[in-house]
Amino acid sequence: MDQVTVFPPAEDGGRRVRIGRSFAGMAYTLIDIVEFLRAAGLEDVEPADVTHAEWIEWRGAGPEAWEH
């Protein structure tokens, strides 16, 4: 899997998500990140996997932060 980067929360609580060099979308929950990863080909990922994956870089705040 390419490096996944989750950027700090924006004013609306959304977090930009990049997979490799591509913008995957704005995530508002862990489920959104799971869906982006599934669309990128990682079919068996679950929300608990997202919070602990070493290949996800959480910038500015961890997976529990969804407000600016």
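Okay, so let's go over this structure. Nothing here was measured: the structure is a model prediction, and the numbers come from that model.

**Remarks on the packing of aromatic side chains**
Then comes step 1: Scanning the entire structure with this criterion turns up zero aromatic pairs.
Then comes step 2: Note that Arg15 overlies the ring of Trp66, its terminal NZ or CZ placed 5.5 Å from the centroid.
Then comes step 3: A cation over an aromatic ring shows up here: Arg16 above the ring of Phe7, its NZ or CZ 4.1 Å from the ring centre.

**So, the pattern of salt bridges**
Then comes step 1: Under the defined criterion, the tally for this structure stands at three salt bridges.
Then comes step 2: Residue Glu57 is joined to Arg59 by a salt bridge in which the shortest nitrogen-to-oxygen separation is 2.9 Å.
Then comes step 3: Overall, Glu57 belongs to the partly exposed group, its relative accessible area being 32%.
Then comes step 4: By relative accessible area, which is 35% here, Arg59 ends up partly exposed.
Then comes step 5: Three or more residues joined by partner-sharing salt bridges are found here, namely Glu35, Arg38 and Glu46.

**What about the pairing of strand E3 (residues 22-27)?**
Then comes step 1: Alignment of strand E2 (residues 15-19) against E3, held across five bridges, turns out to be antiparallel. Paired with Arg18 across the bridge in E3 is Phe23.
Then comes step 2: Hairpin connection between E2 and E3: a loop of two residues separates the two successive antiparallel strands, and Gly20 in this loop has a positive phi of roughly 65°.

**Remarks on the environment of Arg15**
Then comes step 1: You can see Arg15 is positioned in strand E2.
Then comes step 2: The exposure class of Arg15 is buried, given its relative accessible area of 0%.
Then comes step 3: In the structure, Arg15 is positioned 13 residues away from Tyr28 in sequence and 6.4 Å away in space, judged by C-alpha atoms.
Then comes step 4: Among the polar contacts made by the side chain of Arg15, one reaches the main-chain carbonyl oxygen of Phe7 at a distance of 2.7 Å.
Then comes step 5: Within the structure, Arg15 has its side chain in polar contact with the backbone oxygen of Ala65 (distance 2.9 Å).

How each quantity is defined
Residues numbered from 1 in each chain as written. Predicted model: local features only at pLDDT ≥ 70, side-chain atom pairs only at ≥ 80, totals over all residues. Heavy atoms only, no water. Phe/Tyr/Trp six-rings, centres within 6.5 Å; stacked < 30°, edge-to-face > 60°. Lys NZ or Arg CZ within 6 Å of the ring centre and 35° of its normal. Salt bridge = Lys/Arg side-chain N within 4 Å of Asp/Glu carboxyl O. Buried < 20%, exposed > 50% of the residue type's maximum accessible area, 1.4 Å probe, protein only. Pairing = 2+ DSSP bridges. Helix = DSSP H or I, 4+ residues; strand = E, 2+ residues; numbered from the N terminus. Polar contact = N/O pair within 3.5 Å; in protein donor to acceptor, adjacent residues only side chain to side chain.

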